[in-house]
Amino acid sequence: MVRLESNLVQVILAACKSELSGVSLEWSQGSAMVVVMASKGYPGSYEKGNVIQNVEEAEQVTQNVKVFHAGTALDLEGNYVATGG
């Protein structure tokens, strides 16, 4: 998705209206890589509350690095912690 140049909202609206035949997707040149991290034990019984470190540092590697996360929260000290696998 980070390489998608087309307007995603327009694509989703076309899909909702069953009008995807009129949609042309534009992609940026280059490549993309996805790294998925999961808590120990996932997808079974997994650990919660583990601190996830260096998110900000990862985002600073280059301007092209994007960090997306889900199943996370901020604890009282402002640390990202695993909450959903």
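Our structure's up above, just so we're on the same page.
Here the structure is a predicted model, which means the values were calculated and not measured.

Participant: Describe the overall build of the protein chain, with residues and values.
Facilitator: Assigned secondary structure in the protein chain consists of 2 helices and 3 strands. The order of helices and strands in the protein chain, counted from the N terminus, is α-β-α-β-β. Against the compact-globule benchmark of 12 Å for 85 residues, the protein chain has a radius of gyration of 18 Å, which places it well outside the compact range. With the C-alpha coordinates of the protein chain rotated into their principal frame, the extents come out at 45 × 30 × 25 Å. A total of 85 residues make up the protein chain; the buried ones form 12% of that total. By sequence separation, contacts in the protein chain at least 24 residues apart represent 44% of the contacts at least 6 residues apart. Within the protein chain, one finds 5 positive and 9 negative side-chain charges whose respective centroids are separated by 8 Å.

Participant: Could you give an account of the layout of surface pockets, naming the residues involved and the relevant values?
Facilitator: Taken as a whole, the largest pocket encloses approximately 1300 Å³ of empty space. Considering the residues around the largest pocket, the lining is formed by 34 residues, among which V35, V36, K66, V67 and F68 are closest to the centre. Looking at the lining of the largest pocket, the elements that each hand over two or more residues are β1 (51-52), α2 (55-59) and β3 (80-82). Residue classes in the lining of the largest pocket are distributed as 20 nonpolar, 11 polar and 3 charged.

Participant: Go over unusual backbone geometry, please, and point to the residues and values.
Facilitator: Most peptide bonds adopt trans geometry, and most residues besides glycine take a negative phi value. A cis amide bond links Y42 with the next residue in sequence, P43, at an omega value of 15°. When you line up the elements, P43 lands in the loop between α1 (8-16) and β1. At S18, a residue that is not glycine, the phi angle is positive and equals roughly 55°. Here S18 is to be found in the loop between α1 and β1. The phi torsion at N54 lies on the positive side, around 70°, for a residue other than glycine. Tracing the chain through its elements places N54 in the loop between β1 and α2.

Participant: I'd like to hear about the sheet that holds β1, residue by residue, with values.
Facilitator: Judged by pairing direction, the sheet is antiparallel, and its 3 strands sit side by side in the order β1-β3-β2 without closing on themselves. Looking along the sheet, the strands with just one partner apiece sit at the ends: β1 and β2 (72-74). With 2 bridges joining them, β1 and β3 adopt antiparallel strand pairing. Along β3, the bridge assignment pairs V51 with V81.

Quick notes on the rules
- Residues numbered from 1 in each chain as written.
- Predicted model: local features only at pLDDT ≥ 70, side-chain atom pairs only at ≥ 80, totals over all residues.
- Heavy atoms only, no water.
- Helix = DSSP H or I, 4+ residues; strand = E, 2+ residues; numbered from the N terminus.
- Rg over C-alpha atoms; globule rule 2.2 N^0.38 Å.
- Buried < 20%, exposed > 50% of the residue type's maximum accessible area, 1.4 Å probe, protein only.
- Contact = heavy atoms within 4.5 Å.
- Lys, Arg positive; Asp, Glu negative; His and termini not counted.
- Charge placed at Lys NZ, Arg CZ, Asp CG, Glu CD.
- 1 Å grid on protein atoms, 1.4 Å probe; cavity = no way out; pocket = protein on both sides within 12 Å on 5 of 7 lines; lining within 4 Å.
- Points joined across faces, edges and corners; volume = space filled by probe spheres on them.
- Nonpolar A, V, L, I, M, F, W, Y, C, P; charged D, E, K, R; others polar.
- Pairing = 2+ DSSP bridges.

Remember that the coordinates give geometry; whether it matters functionally is a separate question.
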